[in-house]
Amino acid sequence: MKQTLLTAAALASLAFSSCGVIPTPAVPIPDAEISLPPSSAVAGRVIYMKTDVLGGVTLPSVLQQVSITGLATYSSGGGNLSGATVFIRSSIDPMPAGCATTTLAPVLLCDPAGEVARQIGSVNLTSGTASAFTLSGPELDAAAKAGHGYIGVLITGGSSVLTDKLKLTGMEARAKF
């Protein structure tokens, strides 16, 4: 279904190419959840989940300016997160240089100095409250064209404990011709 919508959008782009930049219909992206390790164990690193949120759906090369909108909900088990910067990678295998795993959560931890170009947005968080977000940028375009996207977060406010989770729900991707 997702690939059908993107293919239809690509065909429509050929018909309307003389009209300028045209947005495509929204394509739903499955919900994702990041199990957050304790802030003390993260040491200021970008936390990537090991789930491919794009799941193999590729973006035709004619499309550009991909954006993902959705809701971020922080579930606190004792932490007090208030903000996070969001990143994306099109691959985490083999493990990128500057990254490591942890036994505290099923995540990949990466040095933020090597992740700057992968930044695609930020989100303000309050425990139990859904916060709207919009993600965009060249790395999101590249991930969408590769058909794989691994979301990462860098805690920018507050701290997390072992049982904290960050849920990304109601996500939709859009692109422009």
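Residues numbered from 1 in each chain as written. Predicted model: local features only at pLDDT ≥ 70, side-chain atom pairs only at ≥ 80, totals over all residues. Heavy atoms only, no water.

Chemist: Could you give an account of the pairing of strand β7 (residues 107-110), naming the residues involved and the relevant values?
Modeler: In β7, alternate side chains face the same way, and those of Val107 and Leu109 on one face and Leu108 and Cys110 on the other are all buried. Bridge count for strand β3 (residues 46-49) against β7 is four bridges, and the pairing is antiparallel. Counted as the bridge partner of Val46 is Cys110 from β7. Relative to β7, strand β6 (residues 99-101) runs antiparallel, the two being bridged by three bridges. Of the residues in β7, the one forming a bridge with Ala100 is Leu109. Between the antiparallel neighbours β6 and β7 lie five residues. (Buried < 20%, exposed > 50% of the residue type's maximum accessible area, 1.4 Å probe, protein only. Helix = DSSP H or I, 4+ residues; strand = E, 2+ residues; numbered from the N terminus. Pairing = 2+ DSSP bridges.)

Chemist: Explain the nonpolar core residue by residue, including any values.
Modeler: Nonpolar side chains tend toward joint burial in soluble globular proteins. If you look at the biggest cluster of nonpolar residues, it comprises 37 residues, and the most contacted ones within it are Ile34, Ile151 and Leu166. A per-element tally of this core places strand β11 (residues 165-176) first, with five residues. Listed in part, the nine residues of the second largest apolar core include Tyr48, Phe87, Ile92 and Leu108. (Core = buried A, V, L, I, M, F, W, Y, C linked by side-chain atoms within 4.5 Å.)

Chemist: Provide a residue-level description of the confidence of the model for the protein, including the pertinent values.
Modeler: Averaged over the protein, the pLDDT score is 84; the fraction of residues at 70 or greater is 88%. Scored below 50 in pLDDT, residues 1-20 shows 25 contacts in the model against residues more than four places distant or in partner chains. (pLDDT = per-residue confidence, 0-100. Contact = heavy atoms within 4.5 Å.)

Chemist: Can you explain the pattern of salt bridges? Please cite residues and give values.
Modeler: Evaluated as defined, the whole model comprises five salt bridges. In this structure, Arg89 engages Glu115 in a salt bridge whose closest nitrogen and oxygen atoms are separated by 2.9 Å. Of this pair, Arg89 sits in strand β5 (residues 83-89) while Glu115 is found in the loop between β7 and β8 (119-124), placing the two residues 26 residues apart along the sequence. The same class applies to Arg89 and to Glu115, which are both buried. Where Arg174 meets Glu172, a salt bridge forms, and the shortest distance between an N and an O atom there is 3.2 Å. Judged by its relative accessible area of 30%, Glu172 is partly exposed. (Salt bridge = Lys/Arg side-chain N within 4 Å of Asp/Glu carboxyl O.)

Chemist: Now, about the pairing of β11: what can you tell me, with residues and values included?
Modeler: Moving residue by residue along a regular strand, the side chains alternate between the two faces of the sheet. In this sheet, β11 lies alongside strand β1 (residues 27-28) in antiparallel orientation, the contact comprising two bridges. Bridge assignment links Val27 to a residue of β11, and that residue is Ala173. Two strands pair when backbone bridges link them, and strand β2 (residues 32-35) and β11 are joined in this way by four bridges, in the antiparallel orientation. Its bridge partner lying in β11, Ile34 is registered against Leu166. Across nine bridges, the pairing between strand β4 (residues 64-75) and β11 is antiparallel. If you follow Ser67 over to β11, its bridge partner there is Arg174.

Chemist: I'd like a description of the side chain of Ser35, backed by residues and values.
Modeler: When you line up the elements, Ser35 lands in strand β2. Only 3.2 Å separates the side chain of Ser35 from the side chain of Lys165, close enough to count as a polar contact. Setting aside chain neighbours within four positions, we find Ser35 in contact with Ala105, Pro106, Val107, Asp164 and Lys165. (Polar contact = N/O pair within 3.5 Å; in protein donor to acceptor, adjacent residues only side chain to side chain.)

Chemist: Break down the state of the cysteines for me, with residues and values.
Modeler: Taken as a whole and judged by the stated rule, the model has one disulfide. Across a sulfur-sulfur distance of 2.0 Å, Cys99 and Cys110 are joined as a disulfide pair. An S-S torsion of about 110 degrees defines the bridge between Cys99 and Cys110 as right-handed. Remark: Cys110 occurs in strand β7 and Cys99 occurs in strand β6; sequence separation between them is 11 residues. Taking relative accessible area as the criterion, Cys99 reaches 11% and is therefore assigned buried. (Disulfide = S-S within 2.5 Å.)

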